[in-house]
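Residue-level listing of the chains:
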Amino acid sequence: KKLVFSYKGQEHGFKFDHVLGDAADQQLVFDQLGKPQVEKAFDGYNSTIFAYGQTGSGKTFTMLNVRGLPQDIGLIPRISEALFGQLAETSRSKSTSRFLVQCSFLE
């Protein structure tokens, strides 16, 4: 997926993995971005989600929101719930499994 802008006669291209509109709710954001990252983590890959944008554009709300209605909860709490839920399920079915979870974020 590529978006091309023309500025002062020159074309500037930008590639995106996902672009979600302002009507996208938190569940859609998790389904499109968070859930695949959790699945890849269980396949042995490191996962990163990078939120970048203008001040006031909703990065903190999308990533972290823990206040308000349950449907407004952000990606980090949703990913944490999915990750630790999958860890618990895997631990029950494979008692010899061991896991190391490391997480960091910067705002």
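Given the structure is predicted, the values throughout are model-derived calculations rather than measurements.

(A) The arrangement of the overall build of the protein in detail. Secondary structure summary: the protein contains 3 helices and 2 strands in total. Reading the secondary structure of the protein in the N-to-C direction produces β-β-α-α-α. Radius of gyration (C-alpha) of the protein: 17 Å, far over the 13 Å computed for a compact globule of 107 residues. Each principal axis of the C-alpha atoms in the protein carries an extent, and together these give about 60 × 35 × 25 Å.

(B) A look at the packing of helix H1 (residues 26–42) against helix H3 (residues 75–93). Running from N to C, H1 and H3 point in directions that differ by 40 degrees, and their axes come no closer than 9 Å. The pairing of H1 with H3 is recorded here as oblique in orientation. In the packing of H1 onto H3, the handedness of the crossing is right-handed. Facing H1, whose interface residues are Gln26, Gln27, Val29, Phe30, Leu33, Gly34, Val38 and Phe42, H3 presents Leu75, Arg78, Ile79, Ala82, Leu83, Gln86, Leu87 and Thr90. Grouping the amino acids of the contact of H1 with H3 by side-chain chemistry returns 10 nonpolar, 5 polar and 1 charged.

(C) Broad picture of the pattern of salt bridges. Taken as a whole, this structure holds 1 salt bridge when the rule is applied. Linking aspartate 31 and lysine 35 is a salt bridge whose minimum nitrogen-to-oxygen distance equals 3.4 Å. Here aspartate 31 and its partner lysine 35 are both found in helix H1, 4 residues apart, which amounts to about one turn of the helix.

(D) Molecular detail of the packing of aromatic side chains. Evaluation of the coordinates by the stated rule reveals 3 aromatic pairs. With centroids separated by 6.3 Å and ring planes inclined at 65 degrees, the aromatic side chains of phenylalanine 42 and phenylalanine 99 adopt a geometry described as edge-to-face. Of this pair, phenylalanine 42 sits in helix H1 while phenylalanine 99 sits in the segment after H3, and the two are 57 residues apart along the sequence. Looking at phenylalanine 99, the relative accessible area reads 39%, which means it is partly exposed. Consider the rings of phenylalanine 50 and tyrosine 52, whose centres lie 6.3 Å apart with planes at 10 degrees: the pair is stacked. A residue is classified by how much of its surface remains accessible, and phenylalanine 50, at 71% relative accessible area, is exposed. Tyrosine 52 sits in the exposed class, given a relative accessible area of 74%.

Calculation rules
- Residues numbered from 1 in each chain as written.
- Predicted model: local features only at pLDDT ≥ 70, side-chain atom pairs only at ≥ 80, totals over all residues.
- Heavy atoms only, no water.
- Helix = DSSP H or I, 4+ residues; strand = E, 2+ residues; numbered from the N terminus.
- Rg over C-alpha atoms; globule rule 2.2 N^0.38 Å.
- Axes fitted to C-alpha atoms, helices over the stretch in contact; angles between N-to-C directions.
- Parallel < 35°, antiparallel > 145°, perpendicular 65-115°, else oblique.
- Left-handed = near helix turned anticlockwise from the far one by under 90°.
- Contact = heavy atoms within 4.5 Å.
- Nonpolar A, V, L, I, M, F, W, Y, C, P; charged D, E, K, R; others polar.
- Salt bridge = Lys/Arg side-chain N within 4 Å of Asp/Glu carboxyl O.
- Phe/Tyr/Trp six-rings, centres within 6.5 Å; stacked < 30°, edge-to-face > 60°.
- Buried < 20%, exposed > 50% of the residue type's maximum accessible area, 1.4 Å probe, protein only.

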